[in-house]
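Chain and residue survey
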Amino acid sequence: MRLSRGAKWVLGLITGVVLFFIYAPLLLVVVNSFNADRTFGWPPKGFTLEWWGRAFENDGVRSALVSSLWVGAVATLLALVLGTLLALALQRYRFFGRDVVNLLVILPIALPGIVTGIALNNMFTTILGVPLSMFTVVVAHATFCIVTVFNNVIARLRRVNPGLEEASADLGAGVFTTFWQVTFPQLRSALLAGGLLAFALSFDEIIVTTFTIGAGETTLPIWILQNLFRPNQAPVVNVVAVVLILISILPIWLAQKLSSDTVAGK
């Protein structure tokens, strides 16, 4: 379909306006992290690195960052294992209720975060009697991180030639040998992309975390929420927000690049 020059200009203008409203607030956060004015007066009358220094010296920030990295890493590891197994089972085997299982696997990421958070809170505290802690946060994050890994792996499995696995079996290789030497190499980029997306989702998640984290514990997004309206912490919050943006963007960019390179290679 060919568009007229006028239509291209209109679509370009709409795209520019949408991108401006999405990214202008993020750029404002970046600028304010260097703003010398505590009240973030605009335009800035000066710039300083003081807030960055205070952020790196803040024990609460460092503790929250370590917690977020730990939760994201463990949740991603669980998602990689469980998401891959689910994808293999649903793609390679036919059984009763297969479509229902597929729906149930994808559903957590489609549900509102507050619904998932309340449901998990009730399960941990009321049904299982498990005290809320970082462990419950990891389990909660894994429920939706699994979906990103599952979607990437099952999409790759649909493009994998099953004849290679059959040939491996005919040559005497066992199930695990075939998976490790034939299937896994073809899934590596999909697993890496899915893992990066899962980590990014976990690292900046706040709604489900709020309902599943224990008292006295915090992650980086929770720390930002708790200190956002404190006058002495507001400049530092901007610095932490910039760090959060950067750490969230990098995995998504890498995942997108891996996915596009793999498709181009195919």
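The preceding data block contains the structure.
A brief report on the enclosed structure follows.

Each value, and the rule that gives it
- Along each chain, residue indices are assigned from 1 in the same order as the chain's sequence is written.
- Owing to the predicted nature of the model, reporting of local features is limited to residues with pLDDT of at least 70; listing and counting of side-chain atom pairs is limited to 80 or more, with chain, interface and lining totals taken over all residues.
- Only heavy atoms go into the side-chain values, all of them from the structure, while hydrogens and water stay out.
- Comment: elements are numbered from the N terminus, with helices defined as DSSP H or I runs of at least four residues and strands as E runs of at least two.
- The rule is simple: take the accessible area with a 1.4 Å probe, protein chains only, and divide by the maximum for that residue type; under 20% is buried, over 50% is exposed, in between is partly exposed.
- In what follows, residue pairs with any heavy atoms lying within 4.5 Å of each other are defined as contacts.
- Accessible areas in this description were obtained via Shrake-Rupley with a 1.4 Å probe; residue shielding takes into account the shown protein chains only.
- For this count, His and the chain ends are skipped, Lys and Arg are scored as positive, and Asp and Glu as negative.
- Taken as the charge centre is NZ of Lys, CZ of Arg, CG of Asp or CD of Glu, depending on the residue.
- Convention adopted: a line fitted to C-alpha atoms gives each axis, helices being fitted over their contacting stretch, and angles between N-to-C directions are expressed from 0 to 180 degrees.
- With respect to orientation, any angle under 35 degrees is reported as roughly parallel, any angle over 145 as roughly antiparallel, any angle of 65 to 115 as roughly perpendicular, and every other angle as oblique.
- The sense of a crossing depends on the near helix, which, turned anticlockwise from the far helix by less than a right angle, makes the crossing left-handed and, turned clockwise, makes it right-handed.
- Residues are sorted three ways: Asp, Glu, Lys and Arg are charged, Ala, Val, Leu, Ile, Met, Phe, Trp, Tyr, Cys and Pro are nonpolar, and all the rest, Gly among them, are polar.
- Distance thresholds for patches are 9 Å for like charges and 5 Å for nonpolar side chains (Val, Leu, Ile, Met, Phe, Trp, Tyr), applied to residues having over 30% relative accessible area and no salt bridge.
- Salt bridge, as applied in this entry: a Lys or Arg side-chain nitrogen positioned within 4 Å of an Asp or Glu carboxyl oxygen.

1. Details of the overall build of the protein chain
Along its length, the protein chain carries 11 helices and 0 strands. When the helices and strands of the protein chain are read in sequence order from the N terminus, they spell out α-α-α-α-α-α-α-α-α-α-α. Its C-alpha atoms give the protein chain principal-axis dimensions of about 75 × 65 × 30 Å. Within the protein chain, buried positions represent 35% of all 266 residues. Here the contacts in the protein chain between residues at least 6 apart in sequence split such that 71% fall between residues at least 24 apart. Here the protein chain has roughly 15,700 Å² of accessible surface; of this, 71% comes from carbon and sulfur atoms. Here the protein chain contributes 17 positively and 12 negatively charged side chains, and the mean placements of these two sets differ by 11 Å.

2. Let's talk about the packing of helix 3 (residues 59–92) against helix 6 (residues 134–157)
Running from N to C, helix 3 and helix 6 point in directions that differ by 40°, and their axes come no closer than 5 Å. Considering the angle they form, helix 3 stands oblique to helix 6. The hand of the helix 3/helix 6 crossing is right-handed. When its residues are assigned to classes, the contact of helix 3 with helix 6 shows 23 nonpolar, 5 polar and 1 charged.

3. Thoughts on a nonpolar patch on the surface
Taken together, the side chains of Val10, Leu11, Ile14, Val18, Leu19, Ile22, Tyr23 and Leu26 present a nonpolar region at the surface, about 700 Å² in accessible area. If you trace the backbone, Ile14 turns up in helix 1 (residues 5–32).

4. A look at the environment of Thr116
Along the chain, Thr116 turns up in helix 5 (residues 113–127). Sequence separation between Thr116 and Asn238 is 122 residues, and the spatial gap between their C-alpha atoms is 28 Å. With residues up to four places along the chain from it excluded, the contact list for Thr116 reads Pro108, Leu111 and Val208.

In short, shape yes, function no, at least from these values alone.
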